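# Architecture at a glance
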Amino acid sequence: MAGDALLEVEHLTMRFGGLTAVDDLSFVARRGEITALIGPNGAGKTTVFNCLTGFYKPTVGRITMHHETGDTFLLERMPDFQIPREAKVARTFQNIRLFGGMTVLENLMVAQHNPLMRASGFTFGGVLGIGGYRAAEREAVELAEYWLDKAGLMARADDAAGDLPYGDQRRLEIARAMCTGPKLLCLDEPAAGLNPRESEELNRLLLFIRKERDVGILLIEHDMSVVMGISDHIVVLDYGAKIADGTPEQIRNDPKVIAAYLGVEDEEVEEVEHEIEETAAAAGGEGTA
Amino acid sequence: MASAASPASARRPAKLAADLGVTALLSLAIFGTMVGLRTETIPGGLELQPQWTSALALAAVAVVGRLVLHLTVWSRPEGAPPLLPMGVRARVEQAATGTGKVFGPALLVFALLLPFLPFTDRYILDLSILVLTYVMLGWGLNIVVGLAGLLDLGYVAFYAVGAYSYALLAMHFGWSFWLCLPLAGILAAFWGIILGFPVLRLRGDYLAIVTLAFGEIIRIVLLNWYWFTGGPDGISGIPRPSFFGIPFDRGEGGFADTFGLDFSSMHRIIFLYFLILALALLTNFVTMRLRRLPIGRAWEALREDEIACRSLGLNTTSVKLTAFATGAMFGGFAGAFFATRQGFISPESFTFIESALILAIVVLGGMGSQIGVVIASVALIGGFEVFREAEDFRMLIFGVAMVLIMIWRPRGLIATREPSIFLREKKSVSGALVAQGEGH
């Protein structure tokens, strides 16, 4: 059901030698919601993602995935490739990682490797042409077509992924992640390098995923038009620690967040807070007038 | 050299003379030491024997060659049409990829008819068997290097495992070729997995070095495990192939007798030819089939981006191990064939140069391209034979030819990649987009 806790991160800490990249971070991402993870450069956002998706093993902490069936998965204990397979967490990368020499359709077929592998009788049946591989492949192509359509890439299905323009590559990476059938989609800066029109297309795709598929989205993003426009819930990191957690409205007015982004000294935070209140009051006054 | 970079200025006589002078000095310095001085064994030690004329002749060739280049290629005005018009080049590219559909089947028909063509003699058939063995090895290695993108410099180890498996099983237990063939493949695949485990975590050059070492380990074990493998003496008297139990003998019960033919020693050669042709085609068929199955796509995805594979739930450990095992299995089949054809094997047949040759076939043909491997095998192995008379210069000619081909087509003869599945229209993927994987 929408609104249930989907991903629970508790006391997540990640240290690299003497550097604490993530410090005692706890937050919850809910089913059917878009949770944004924001923060200045180097705040530890991508490290959190790498912990969630098994690329790093956290130093301390627990990461729990709750499926609607009641199954729970402790992600910090699973090898990386089992996280998408069993716990149904898919991710995209900050620097796009497509299979550039393979076609768009092939990229989406690789994403469905595990069900297809079972259907091909772990290759033996497939080589001999026995078993239900053909039917399974047709279904996989249908799922791929569905996501191609949603991502607006139908016309490019047979082109090499490396040949696509940047914005298309971003959406293809999301479509590929969706083809794994995830319950939680982790997107690492999906709007980076997109022009306003491409950003708009991306927003539409993300809202569609949330609305239609009952999938939770966890988003790292710098582009505030995306973050404020589509997220239901925002977690703000600075120097690896959580400094704020709430709705876009709350975050927008949080003095600590503004201070972190503008880079003011701690003593000046109150000053900034005061300024915001004044501006908000002025804006409110205009609104009622 | 600076003058080569700015050809236009070298046309002026002073610069040209300076350039030729530098060339002369450099070539004299190189050839003077390498060719001009020769050590001869004399009683009590070595003696230096000058051979200045040869050194001068070589230096003169270098100078004249450079002069000719200056007067022709390098003196062409900027913007002059290239020597090979782009149209021709594009057409060659097209022909190389477009005719693949016709070329493959035509080649297959030719291969099937070859033993019965009028000009075919024993020599041609023996050579064809050799070429087909390398085609099969190339196809096998293509799975590991071309599809999965894992550079394997020790592929000959699996060839050796297959050959020794067949030889030992057939000699000690008297099992038939058809029983030993799958066993040789399974044993080679097993060793492929053994190699796969230590290199799972390795990337780039380290992967290549460990596979190279693995190939050497196998060869050295074969060389030193005297009571089991016969060491440097090898294994001789390996059972020759029979036609499904009917030996190729003269007289009663032999192949010729059973089928009412006149006895000819060619029967066995023709049988061997069809045997390796069938094995090679099996390799090709299975590879083509695997490419369209999830495992084949996973291999190619692994070549493209391993981290993305893991993020999509692919167990890269098993993807890598299956690639090594499948490639090794076909190497093992080829090894078993080699043993039964030769009747004698020794570690000398499985040196690093064999691995290098098979890899050269894959790289020259275009990594991942099946038809490219065929063309490269015919060119390399056939070429070796054609230049057999030029004994001393054979390697030199081949080195130069390889360099030239690699300059002309850096990604091999067939550089484009055919997609394994398409929705509406099959479009070849340009080689420039295809990643090369680890260790290249």
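Just so we're clear, the structure is a prediction, and the values are computed from it rather than from any experiment.

## Quick word on the overall build of chain A
Scanning chain A for helices and strands turns up twelve helices and ten strands. Counting the 289 residues in chain A, one finds 45% classified as buried.

## Section: the overall build of chain B
Across its full length, chain B carries 18 helices and four strands. With respect to the three principal axes, the spread of C-alpha positions in chain B is 80 × 70 × 50 Å. Classification of the 440 residues of chain B by burial places 39% in the buried group. At a minimum sequence separation of 6, the contacts of chain B that also span at least 24 residues come to 73%.

## As for the environment of threonine 72 of chain A
Residues and elements named next belong to chain A. Tracing the sequence through the fold places threonine 72 in strand E5 (residues 72–74). For threonine 72, a count of 11 C-beta atoms within 10 Å translates into the label exposed. On a C-alpha basis, the gap between threonine 72 and leucine 7 in space is 9.6 Å, while along the polypeptide they are 65 residues apart. The residues touching threonine 72, leaving out its near neighbours within four places in the chain, are Thr64, Met65 and His66.

## Quick notes on the confidence of the model for chain A
Per-chain confidence: chain A averages 82 in pLDDT, with 89% of residues scoring 70 or above. Across chain A, helix H3 (residues 104–111) of chain A holds the top mean pLDDT of 91, while helix H12 (residues 269–288) of chain A sits lowest at 63.

## Topic: helix H15 (residues 316–342) of chain B
Helical periodicity: at 3.6 residues per turn, an α-helix aligns residues three or four positions apart in one direction. Residue and element names in this part refer to chain B. Taking 1.5 Å per residue as the helical rise, H15 with its 27 residues ought to reach 39 Å, and the 39 Å between its terminal C-alpha atoms agrees with that figure. Among the 27 residues that make up H15, 23 are buried, leaving the element largely enclosed by the rest of the structure. After H15 finishes, the residue glycine 343 shows a positive phi value of roughly 75°.

## Section: the pairing of strand E2 (residues 45–50) of chain B
All names here are of chain B. Counting buried positions along E2 gives zero out of six residues, so the element sits mostly on the surface. Examined bridge by bridge, strand E1 (residues 37–42) and E2 share six bridges and lie antiparallel to one another. Of the residues in E2, the one forming a bridge with glutamate 40 is glutamate 47. The antiparallel pairing of E1 with E2 creates a hairpin that spans two residues between the two strands, and glycine 44 there sits at a positive phi of about 90°.

## Let's talk about the domain arrangement of chain A
How big an interface is tends to be reported as the loss of accessible area on association of its parts. Residues and elements named next belong to chain A. As far as domains go, chain A holds domain 1 (1–88 + 182–247), domain 2 (100–179) and domain 3 (253–289). Each of domain 1 and domain 2 has a C-alpha centre, and these two points are 25 Å apart. Residue-level contacts link 13 residues of domain 1 with eleven residues of domain 2. Elements with a contribution of two residues or more to the side of domain 1 that touches domain 2: strand E7 (184–188) and helix H8 (196–213). Among the elements that make up the side of domain 1 that touches domain 2, the one with the highest residue count is H8 (six residues). Partitioning the side of domain 1 that touches domain 2 into residue classes produces nine nonpolar, one polar and three charged.

## Details of the sheet that holds E5 of chain A
All names here are of chain A. Sheet architecture is open: four strands sit in the order E2-E1-E4-E5, paired in antiparallel fashion. Edge positions in the sheet fall to strand E2 (19–30) and E5, since each has one partner strand and no second. Averaged over all neighbouring strand pairs, the angle between strand axes comes to 15°, with direction disregarded. Direction of pairing for strand E1 (residues 5–16) relative to strand E4 (residues 60–66): antiparallel, over a ladder of five bridges. Bridge pairing links threonine 13 to valine 60 in E4.

## Quick notes on the packing of helix H12 (residues 266–291) of chain B against H15 of chain B
Residues and elements named next belong to chain B. Relative orientation of the contacting elements H12 and H15 amounts to 175°, with a least axis distance of 10 Å. In terms of axis orientation, H12 runs roughly antiparallel to H15. Here H12 contributes Leu272, Leu275, Ile276, Leu279 and Thr283 to the contact with H15, which in turn contributes Phe330, Phe333, Ala334, Phe337 and Arg341. A breakdown of the residues in the contact of H12 with H15 according to their chemical character gives eight nonpolar, one polar and one charged.

## With respect to the packing of helix H8 (residues 177–199) of chain B against helix H9 (residues 204–224) of chain B
All names here are of chain B. Closest axis-to-axis distance for the H8/H9 pair is 10 Å, and the angle between their directions is 145°. The two elements H8 and H9 meet at a crossing, and its hand is right-handed. Along its contact with H8, which presents Leu195, Pro198 and Val199, the element H9 presents Leu207, Val210, Thr211 and Phe214.

## With respect to the domain arrangement of chain B
Taken as a whole, chain B is organised into domain 1 (2–71) and domain 2 (100–408). Each of domain 1 of chain B and domain 2 of chain B has a C-alpha centre, and these two points are 43 Å apart.

## Observations regarding unusual backbone geometry
The phi angle of most residues is negative, glycine excepted, and most peptide bonds adopt the trans form. Residues and elements named next belong to chain A. Residue histidine 11 is not a glycine yet carries a positive backbone phi of 50°. Secondary-structure assignment places histidine 11 in strand E1. With 12 C-beta atoms counted inside 10 Å, the residue histidine 11 sits in the exposed group. A positive phi angle, near 50°, is found at aspartate 24, a position not held by glycine. Looking at the element boundaries, aspartate 24 is found in strand E2.

Definitions and cut-offs
- Residues numbered from 1 in each chain as written.
- Chains lettered and ligands numbered in written order.
- Predicted model: local features only at pLDDT ≥ 70, side-chain atom pairs only at ≥ 80, totals over all residues.
- Helix = DSSP H or I, 4+ residues; strand = E, 2+ residues; numbered from the N terminus.
- Buried ≥ 20, exposed ≤ 12 C-beta atoms within 10 Å, placed from the backbone.
- Contact = placed C-beta atoms within 7 Å.
- pLDDT = per-residue confidence, 0-100.
- Expected span 1.5 Å × (residues − 1).
- Pairing = 2+ DSSP bridges.
- Domains from an automatic or database assignment.
- Nonpolar A, V, L, I, M, F, W, Y, C, P; charged D, E, K, R; others polar.
- Axes fitted to C-alpha atoms, helices over the stretch in contact; angles between N-to-C directions.
- Parallel < 35°, antiparallel > 145°, perpendicular 65-115°, else oblique.
- Left-handed = near helix turned anticlockwise from the far one by under 90°.

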